[in-house]
Amino acid sequence: MTPQWQMPRSGLVWLLCAQAAIAVGLSAALPVWILLLLTVNFLWRLQVHRGLWRYPGRWAKVFLLLATMAGMVVSFQRFTGLEPLTTLLVSAAGFKLLEMHHRRDGIKLVFVCYFTAVLQLLYEQTIAVAVYTLFCVLLVTAALTGIYQRAEGRGSSWSPLQRSGAMLLQSLPLMLVLFLVLPRLPAFWGVPGQQQASTGVSGEMSPGDFSRLGKNGDLAFRVAFDDGTPPPAQLLYWRGPILTHFDGRRWSQMDPVNFRDGAHVIWGGNTSTQRGQHWQERIEKSGQRRGYTLIMEPTQRPWLFALPAPESTDLDVGLTREMRLVSEQPISTKKHYSVSWWPQYRYFADTLVPWQRRKVLEIPVGYNPKTRQRARQWRTETVTEEAYIQRVLQWFNQDFSYTLEPPLLGTHSVDEFLWQSQRGFCEHFASSFVFLMRAGGVPARVVTGYQGAERHPDGYLLVHQYNAHAWAEVWMPAKGWVRVDPTAAVAPERIEQGAESFFSNSQSALTEGGFSLSRFRHIDLLNQLRLQLDALDYYWSTWVLGYQSQQKSLLQRWLGEVSWRSIGLLLLATGALVIGAVLLWLLRGSLQARRRTPLQRLFESLCSKLAKAGWPRHHGEGPRAYRQRLQAERLTEKVANGNNALMALTLYEQVCYGEQPQYTEAFYREAKRFR
Amino acid sequence: MTAPGFIRRHFAHWLNQRLPAARRIRLNQQRLFILPTKAGWGFLGLIAILWLLATNYENSPIFAIACLLSSLFITAILHSYANLAGLEISFVAAEPVFAGQRMLFRIAACCADKRQRQDIAFHFGRGDHQVLNLLDSKRQDVLVPLDTRDRGWLRPGRVTVESRYPVGLLRVWTYLDLNCCGLVYPQPLSGSAVASAPATGAAGQKQATVGSDDFAGFKKYQQGMPLQHLSWKHYARERGLLGKEYADAIDERLWLRWQDYPGLDREARLSRLCARVVELAPQQVEYGLQLPGVEVPLGRGDSQRQEVLRQLALFEIDSHEGMI
């Protein structure tokens, strides 16, 4: 290897293209100065290639390195995590451009480029990003081929791209097989995620939270029911965080409690075998069990959403004492989980544990005096809890109105809402209803989550952020926890028709969240487009992003039983098929060239007949030498028809090497006569 | 670095079984070996890292890219194989050289099909690489160099044919025994020559005027006249082909004899003799060679030079093994 190895031009061009494409793809995650630094590196490298500049000296390199480190400290204040790692790799790749003295330096750079190209997919997994990453991989592969290209000929700049494109195309079938068949393992260790703002239902409820969500058209999750028929809209209460604690203004979740009837969370649908009665056994479900799969958009929060009385066998999904699902890790990428549900359920109907009863009756002292007093009065006037609840709901129905732009409330927020403004959003109703219940001695809590869904023509449900909802649950003896939705009492059409039609009638538009076609749902064509795009994204989510959950059933359908052996056999069979096809295509010329003419075939059969008779042709022995040897060894005396064979060999020599094709017929005759 | 002797012997035996010697060998799956290069192992490591990344982040698209790169690696195996498969490699010839010079073995690569082949390197053992591309032609020759040391037949053994095309992740190679051989003349060493005996007994002998090249006149062209003595001026003026006669260019006859170099060992004598041949060959001198048991009769011209040098090269070497 020469000391100053010069990278082939085509290799360098594609390497620079690949790096530029990757930097553009990652630009959202990179600080701006990195792009500047990369540009400097690129220009410097180009000048080196043109022979105008030299590679930077040691001090220049040290300076650039220190500058990068300083930049990273300023930008991130840390060196761990996904963004600093990305920055480090991209800048390292940029520096490597200025340090290419051997071919192996080029190869290392190509590998780093492959890795950084793939990093794009850690940030986002949309179809667009996947396609772009594939494009980057194509460019990097072109660079790899370019580095090894020595025969500089016409069109040599483009040929690496063509060749790598052809190779990648030929690789696609096998890739598909590998992707479909190779088993996926669970994560080995926890990994740092990216730092992103969390979205969706927040796990707390302060005034104004839900009205903000109500204007957001982003997708929260999609649901596909196994039998394809979702339950009616008024049953679609997707339960999320349960808010038990109230400080007068803000509702928040209870701290997890491990009590003697079991831990707060049970993971992976484990039925515990602890002594005593486990809380899980106090959940009664009846009716037909049905299943659905939920694909949640990233929220950066650990809670999951599900219909009441859920059960999930996914290992990283847990069921809490509050009958809702949580995830082990915050949801940073699209999350698939499958859930079973029952139409009828009852839980904790027998008794409420005293400490729990205390928690769900707690109201802050000194707030909302008027409401507390009125609640006690009404509760004494009514006999049963049901009657009391009915009384309150009736009042809501008569005197209250529903709006997304409620007036601001002061310190005694419940008092002001109930007795003055009387206009509000689901959070106001849920909050004041639970307050009224607790003040009247009825255990109650606020449930947050989503209500309703949009039905996609393809059969699955779309739940958007504007479906965010808050409602109440009250505990009654012999009935357990029962859902009460005060909003339904005020604006029943909000629940029955769904949020989108309700809001589209009202004047408030969807003004928050990213750009979304949801805003134009009243234009039919655009709405069609929106649904088509959503379907594309849904199938992408199901079959690519969430393929792990589909794989088992799919393989079962193909193989019958899923074992290492059957998977191996399937891989082997399809792999051999694909490889064979590619090889046939690659060797197409040779195989044709190897095809024998009839003359050659007859000659070979003559030789094999002679070999059977005990006179094989030696390796590399020409027809003339063969004939002379046979003559010398007196073939004619030892083998019948030996004369014919010798004659045929003579004629063959004449036809092939003496350019006397008129002997062909004679050769055929003699060769066939010998047996 | 070298493997112990018995392993090498076993390997050589196995190679002889698998790849027997032949003058022309067609490359196919039986004769080609494929293994990843360092870069190839690095690529496999990269795939492993991507797979870890995909598994830990439960990231399906990255898993797909890892699958794509694995598949690409397998496609690269096929492409690397296809670059050499179907090629016919044969040894053409090697021009004799003097010991210490670099011998060039002419090796031909032909393909019967129309596929392009690129970046095929040939080398003997630790000799230099020579790269060949078959782009538009069906046959291409390559001169594979090897340094020589001793006189006699040089048999470089197996030639390594290898290619890392198209992505450098894999090395496809084979060791071919093409029965390559070339003749190495002794290294010419001039010095302390005792005067060679003038040949006697031949007719028309003249006193040699050593060092004189006086022009004597023209003479009608006869076959065997050295080309550099032709008068091209006359020929151009269409006066027929005339040869220039030089006074000293008339028959001088010399015998190069073993016994002219007393006190030297065999190789030193051969080297001296060789130097004399090199010196005499361009001159218009008839010379012959006398070695113990070997005699080359008087003669001149290229064929004489070759024959004399050949005898010097093979003196007391079993020349039989050189015949193929």
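All of these numbers come straight from a predicted model, not from anything done at the bench.

Here we come to the overall build of chain B. Across its full length, chain B carries 6 helices and 18 strands. Sequence-distant contacts in chain B: of pairs separated by 6 or more residues, those separated by 24 or more amount to 65%.

Let us look at the overall build of chain A. Broken down by element type, chain A carries 25 helices and 18 strands. Taking all 675 residues of chain A together, 52% fall into the buried category. Contacts spanning at least 24 positions in sequence make up 71% of the contacts within chain A whose residues lie at least 6 apart.

Contact with chain A, which involves 53 residues of that partner, is made by 54 residues of chain B. For the pair chain A and chain B, the summed buried surface comes to about 5,000 Å²; carbon and sulfur atoms form 72% of the total. By residue number, the principal contributor to the side of chain A that touches chain B is helix H7 (residues 159–181) of chain A, which donates 10 residues.

Residues and elements named next belong to chain A. Side chains of Leu65, Met69, Val73, Phe79 and Leu88 sit close together on the surface and give an oily, nonpolar patch of about 420 Å² of accessible area. It is helix H3 (residues 58–76) that contributes the most residues to the nonpolar patch, 3 residues altogether. For phenylalanine 79, the location among the structural elements is in the loop between H3 and helix H4 (82–96). Classification of phenylalanine 79 by relative accessible area gives partly exposed; the value is 44%.

Our next topic: the sheet that holds strand S8 (residues 317–320) of chain A. All names here are of chain A. Sheet architecture is open: 3 strands sit in the order S5-S8-S9, paired in antiparallel fashion. The outermost strands of the open sheet, each flanked by one partner alone, are strand S5 (265–267) and strand S9 (325–327). Mean inter-strand twist for the sheet, computed between neighbouring axes without regard to direction, equals 35°. Sheet analysis places S5 next to S8, joined by 3 bridges and oriented antiparallel. Bridge pairing in S8 places tryptophan 267 opposite glycine 318.

As a further point, take the nonpolar core. Residues Phe221(A), Trp238(A), Tyr292(A), Phe396(A) and Phe433(A) are the most contacted members of the largest nonpolar core, which totals 82 residues. The element that contributes the greatest number of residues to this core is helix H13 (residues 426–439) of chain A, accounting for 9 residues. Core analysis: the next-biggest nonpolar cluster, separate from the first, contains 81 residues, Leu109(A), Leu119(A), Tyr148(A) and Ala39(B) among them.

For the rest of this paragraph, the subject is the side chain of Glu162(B). All names here are of chain B. Relative to the helices and strands, glutamate 162 resides in strand S10 (residues 159–163). A polar contact is formed between the side chain of glutamate 162 and the side chain of arginine 171, at a distance of 3.0 Å. The residues contacting glutamate 162, other than those within four sequence positions of it, are Asp119, Ile120, Ala121, His123, His129, Arg171, Val172 and Trp173.

Moving on, we get to the packing of helix H2 (residues 32–49) of chain A against H4(A). All names here are of chain A. As a packed pair, H2 and H4 sit with axes 9 Å apart at the nearest point and diverge in direction by 15°. Taken together, the axes of H2 and H4 lie roughly parallel to each other. In terms of crossing hand, the pair formed by H2 and H4 is left-handed. Across from Trp33, Ile34, Leu37, Leu38 and Asn41 in H2, the residues of H4 making contact are Thr87, Val90, Ser91, Gly94 and Phe95.

All names here are of chain A. Sheet architecture is open: 6 strands sit in the order S1-S4-S3-S14-S17-S18, paired in antiparallel fashion. Single-partner strands in this sheet number two, and they are strand S1 (204–205) and strand S18 (480–484). Of the strand pairs in this sheet, S1 and strand S4 (residues 251–253) are connected by 2 bridges, and their pairing is antiparallel. Among the inter-strand pairings, glutamate 204 is bridged to a residue of S4, identified as serine 252. The sheet contacts of helix H11 (residues 385–399) involve strand S17 (468–476) and S18, and relative to S17 the element is tilted by about 150°.

In regular strands, side chains alternate between the two faces of the sheet. Residues and elements named next belong to chain B. As paired strands, strand S6 (residues 117–124) and strand S7 (residues 130–134) are joined by 4 bridges and run antiparallel to one another. Its bridge partner being in S7, isoleucine 120 is matched across the sheet by leucine 132. Connecting S6 to the antiparallel partner S7 that follows it, the hairpin turn spans 5 residues, and glycine 125 within it adopts a positive phi of roughly 45°.

What follows is about the confidence of the model for chain A. Residues and elements named next belong to chain A. Chain-level pLDDT for chain A is 83 on average; 90% of the residues reach the 70-or-more range. Within chain A, the lowest mean pLDDT, 60, falls on helix H16 (residues 499–505), and the highest, 93, falls on helix H6 (residues 127–147). Per-residue pLDDT stays below 50 along residues 505–509; that stretch engages in 5 contacts with residues further than four places along the chain or on separate chains.

All right, on to the pairing of strand S18 (residues 294–299) of chain B then. Two strands pair when backbone bridges link them, and strand S17 (residues 285–291) of chain B and S18(B) are joined in this way by 4 bridges, in the antiparallel orientation. Across the sheet, residue Leu291(B) finds its bridge partner in S18(B), namely Val294(B).

Moving on to the pattern of salt bridges. In total, this model carries 40 salt bridges over all chains according to the counting rule given. Among the salt bridges present, the one from Asp316(A) reaches Lys335(A), with a minimum N-O distance of 2.6 Å. Placement of the pair is Asp316(A) in the loop between strand S7 (290–296) and S8 and Lys335(A) in strand S10 (residues 335–341), with a sequence separation of 19 residues. Owing to a relative accessible area of 22%, Asp316(A) belongs among the partly exposed residues under this scheme. We classify Lys335(A) as buried; its relative accessible area is 10%. Notably, a salt bridge pairs Asp141(B) with Arg106(B), separated by 3.3 Å at the nearest N-O pair. Of this pair, Asp141(B) sits in strand S8 (residues 139–147) while Arg106(B) sits in strand S5 (residues 102–111); the two residues are 35 residues apart in sequence, bridging distant segments of the chain. For Asp141(B), a relative accessible area of 29% puts it in the partly exposed group. Note on Arg106(B): relative accessible area 34%, which makes it partly exposed. When salt bridges with common partners are traced through the structure, they connect Arg222(A), Glu297(A), Lys334(A), Asp534(A) and Asp537(A) into a single cluster.

This part covers the packing of aromatic side chains. Residues and elements named next belong to chain A. Scanning the entire structure with this criterion turns up 45 aromatic pairs over all chains. Here the aromatic rings of tyrosine 347 and phenylalanine 348 are separated by 5.5 Å at their centres, their planes lie at 65°, and the arrangement is edge-to-face. Looking at tyrosine 347, the relative accessible area reads 2%, which means it is buried. With 5.1 Å between their ring centres and 85° between their planes, tryptophan 395 and phenylalanine 400 make a pair best called edge-to-face.

Analysis parameters
Residues numbered from 1 in each chain as written. Chains lettered and ligands numbered in written order. Predicted model: local features only at pLDDT ≥ 70, side-chain atom pairs only at ≥ 80, totals over all residues. Heavy atoms only, no water. Helix = DSSP H or I, 4+ residues; strand = E, 2+ residues; numbered from the N terminus. Contact = heavy atoms within 4.5 Å. Buried < 20%, exposed > 50% of the residue type's maximum accessible area, 1.4 Å probe, protein only. Buried area = accessible area lost by both parts, 1.4 Å probe. Patch = residues over 30% accessible without salt bridge, like charges linked within 9 Å, V, L, I, M, F, W, Y side chains within 5 Å. Areas by Shrake-Rupley, 256 points an atom, 1.4 Å probe, with all protein chains shown as cover. Salt bridge = Lys/Arg side-chain N within 4 Å of Asp/Glu carboxyl O. Pairing = 2+ DSSP bridges. Axes fitted to C-alpha atoms, helices over the stretch in contact; angles between N-to-C directions. Core = buried A, V, L, I, M, F, W, Y, C linked by side-chain atoms within 4.5 Å. Polar contact = N/O pair within 3.5 Å; in protein donor to acceptor, adjacent residues only side chain to side chain. Parallel < 35°, antiparallel > 145°, perpendicular 65-115°, else oblique. Left-handed = near helix turned anticlockwise from the far one by under 90°. pLDDT = per-residue confidence, 0-100. Phe/Tyr/Trp six-rings, centres within 6.5 Å; stacked < 30°, edge-to-face > 60°.

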